[in-house]
Amino acid sequence: MNATPATTKTDAETEPRTDAEKETAATAEATSTPGGAPAEKAPGATGTPDAPDTEDHPEPEDGHLGGELDAGAAPARAGFGAGAAAVVAGALGAVSLTGTWMGKTLSERATLIGQIKTSQGGTAAQQIQQIYGNSWHTTALVNGVFALLALIVGAVVLARPAFGAPGRAEQPVWVKAVALAGVVLGVVGLLISAGMYLDLFAALPSAKG
């Protein structure tokens, strides 16, 4: 009696596969490796490739950066001008006390004019006034002008922040100190020049001896 081997199959194996199941099985076989590890995705395969880190780092706009630079440069320019004016005030104040080349030249000119006027004759008092007194008073006037300029420039530097734009940076201490020194020297120079011109410190020589 011939026995036939049992060739029973499960229902899943005997049932025909649908088209969708066939495509799924083909995709699984194509993407698997012999060792069982999934294969790396080839370029152009389905899926999005790893994108580089593209975090937004906005760069400052040129206009915004330029505005910040202008805002920072404005106080610097203002401080530079105030410092220069303060130094000028101090120099003018010092010059008003020591005398200037201009004052010396004008004084010599006044002396020469006095000599010319009294060369044809004149009393001793007239000669003293024309030659010595006019020269002395000319020097006092020139020194007084420099003292007045020092006082004005120094006062403007000290008063400038009160009339500036709101929120303007305060002046450096050294600028205030130099400007104040110019004001003080200007006041002293004015007092000395007034005393010289009015002959308060020393009267003109007298011909009577």
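Our subject is the structure that appears above.
Note that this is a predicted model, so its numbers are computed, not measured. (Residues numbered from 1 in each chain as written. Predicted model: local features only at pLDDT ≥ 70, side-chain atom pairs only at ≥ 80, totals over all residues. Heavy atoms only, no water.)

Asker: Just give me the short version of the overall build of the protein, but keep the residues and values in it.
Answerer: Counting secondary structure elements, the protein contains six helices and zero strands. Along the protein, helices (α) and strands (β) appear in the sequence α-α-α-α-α-α when read from the amino end. When burial is assessed residue by residue, the protein has 18% of its 209 residues classed as buried. Nonlocal contacts in the protein, meaning residues at least 24 apart in sequence, comprise 77% of its contacts between residues at least 6 apart. When the accessible surface of the protein is summed, it comes to about 15,600 Å², and 63% of that surface belongs to carbon and sulfur atoms. (Helix = DSSP H or I, 4+ residues; strand = E, 2+ residues; numbered from the N terminus. Buried < 20%, exposed > 50% of the residue type's maximum accessible area, 1.4 Å probe, protein only. Contact = heavy atoms within 4.5 Å. Areas by Shrake-Rupley, 256 points an atom, 1.4 Å probe, with all protein chains shown as cover.)

Asker: Outline the environment of Leu185, listing residues and values.
Answerer: With respect to the secondary-structure elements, Leu185 resides in helix α6 (residues 173-197). Expressed as a C-alpha distance, the spacing of Leu185 and Val95, which sit 90 residues apart in the sequence, is 9.2 Å. The contacts of Leu185, once residues within four sequence positions are left out, are Gly90, Gly93, Ala94, Ser96 and Leu97.

Asker: I'd love a proper account of the nonpolar core, names of residues and values included.
Answerer: One recurring pattern in soluble globular proteins is that nonpolar side chains are buried together. Ala82, Ala86, Val157, Val175 and Ala179 together form the largest nonpolar core, which totals five residues. Going through the elements one at a time, α3 (62-98) and α6 are the ones with two or more residues in this core. Setting aside chain neighbours within four positions, we find Ala86 in contact with Val157, Val175, Val178 and Ala179. (Core = buried A, V, L, I, M, F, W, Y, C linked by side-chain atoms within 4.5 Å.)

Asker: Quick rundown of the packing of aromatic side chains? Include the residues and the values.
Answerer: Aromatic rings considered in pairs are described by the distance between their centres and by the relative angle of their planes. Scanning the entire structure with this criterion turns up one aromatic pair. Each ring, one from Tyr132 and one from Trp136, has its centre 6.4 Å from the other, and the planes form 20°; the classification is stacked. Of this pair, Tyr132 and Trp136 both sit in helix α5 (residues 124-159), four residues apart, roughly one helical turn. Relative accessible area serves as the criterion here: at 40%, Tyr132 is assigned to the partly exposed category. (Phe/Tyr/Trp six-rings, centres within 6.5 Å; stacked < 30°, edge-to-face > 60°.)

Asker: Before we move on, can you summarise unusual backbone geometry with the specific residues and values?
Answerer: With phi around 60°, Asp199 is a residue other than glycine that occupies positive phi space. With respect to the helices, strands and loops of the structure, Asp199 is situated in the segment after α6.

Asker: Tell me what's going on with the environment of Ser119, and back it up with residues and numbers.
Answerer: Relative to the elements of secondary structure, Ser119 occurs in the loop between α4 (101-118) and α5. In this structure Ser119 comes out as exposed when scored by relative accessible area, which is 51%. A distance of 2.9 Å separates a polar atom in the side chain of Ser119 from the backbone oxygen of Ile116. (Polar contact = N/O pair within 3.5 Å; in protein donor to acceptor, adjacent residues only side chain to side chain.)

Asker: So, the side chain of Asn143: which residues are in play, and what are the values?
Answerer: Mapped onto the secondary structure, Asn143 falls in helix α5. The class of Asn143 is buried, set by a relative accessible area of 7%. In this structure, Asn143 is in contact with Ser96, Gly99, Thr100 and Ser193, ignoring residues within four places of it in sequence.

Asker: Mind laying out the side chain of Thr111, listing which residues take part and the relevant values?
Answerer: With respect to the secondary-structure elements, Thr111 resides in helix α4. Among the polar contacts listed, one links the side chain of Thr111 to the backbone oxygen of Ile131, at a separation of 3.5 Å. Setting aside chain neighbours within four positions, we find Thr111 in contact with Ile131 and Ser135.

Asker: Can you tell me about the packing of α5 against α6, naming the residues and giving the values?
Answerer: To characterise two packed helices, one gives the angle between the axes of the helices and the distance between these axes. Relative orientation of the contacting elements α5 and α6 amounts to 155°, with a least axis distance of 7 Å. With respect to each other, α5 and α6 are oriented roughly antiparallel. The two elements α5 and α6 cross, and the hand of that crossing is left-handed. Each residue belonging to the contact of α5 with α6 can be placed in one class, and the counts come to 18 nonpolar, nine polar and one charged. (Axes fitted to C-alpha atoms, helices over the stretch in contact; angles between N-to-C directions. Parallel < 35°, antiparallel > 145°, perpendicular 65-115°, else oblique. Left-handed = near helix turned anticlockwise from the far one by under 90°. Nonpolar A, V, L, I, M, F, W, Y, C, P; charged D, E, K, R; others polar.)

Asker: Explain α6 to me, using residue names and the numbers behind them.
Answerer: Between its first and last C-alpha, α6 extends 36 Å over 25 residues, near the 36 Å set by a 1.5 Å rise per residue. Of all the positions in α6, only Val175, Ala179, Gly182, Val183, Gly186, Gly189, Ser193, Gly195 and Met196 are classed as buried. (Expected span 1.5 Å × (residues − 1).)

Asker: Any chance you could break down the packing of α4 against α5 for me, citing the residues and the numbers?
Answerer: Contact geometry of α4 with α5 gives a least axis separation of 8 Å together with a crossing angle of 160°. It follows that α4 is roughly antiparallel to α5 by the angle criterion. As α4 runs across α5, the sense of the crossing is right-handed. The residues of α5 that touch α4, namely those facing Gly103, Leu106, Ser107, Ala110, Thr111, Gly114, Gln115, Lys117 and Thr118, are Gln126, Gln127, Gln130, Ile131, Asn134, Ser135, Thr138, Thr139 and Val142. Of the residues that constitute the contact of α4 with α5, the class distribution is four nonpolar, 13 polar and one charged.

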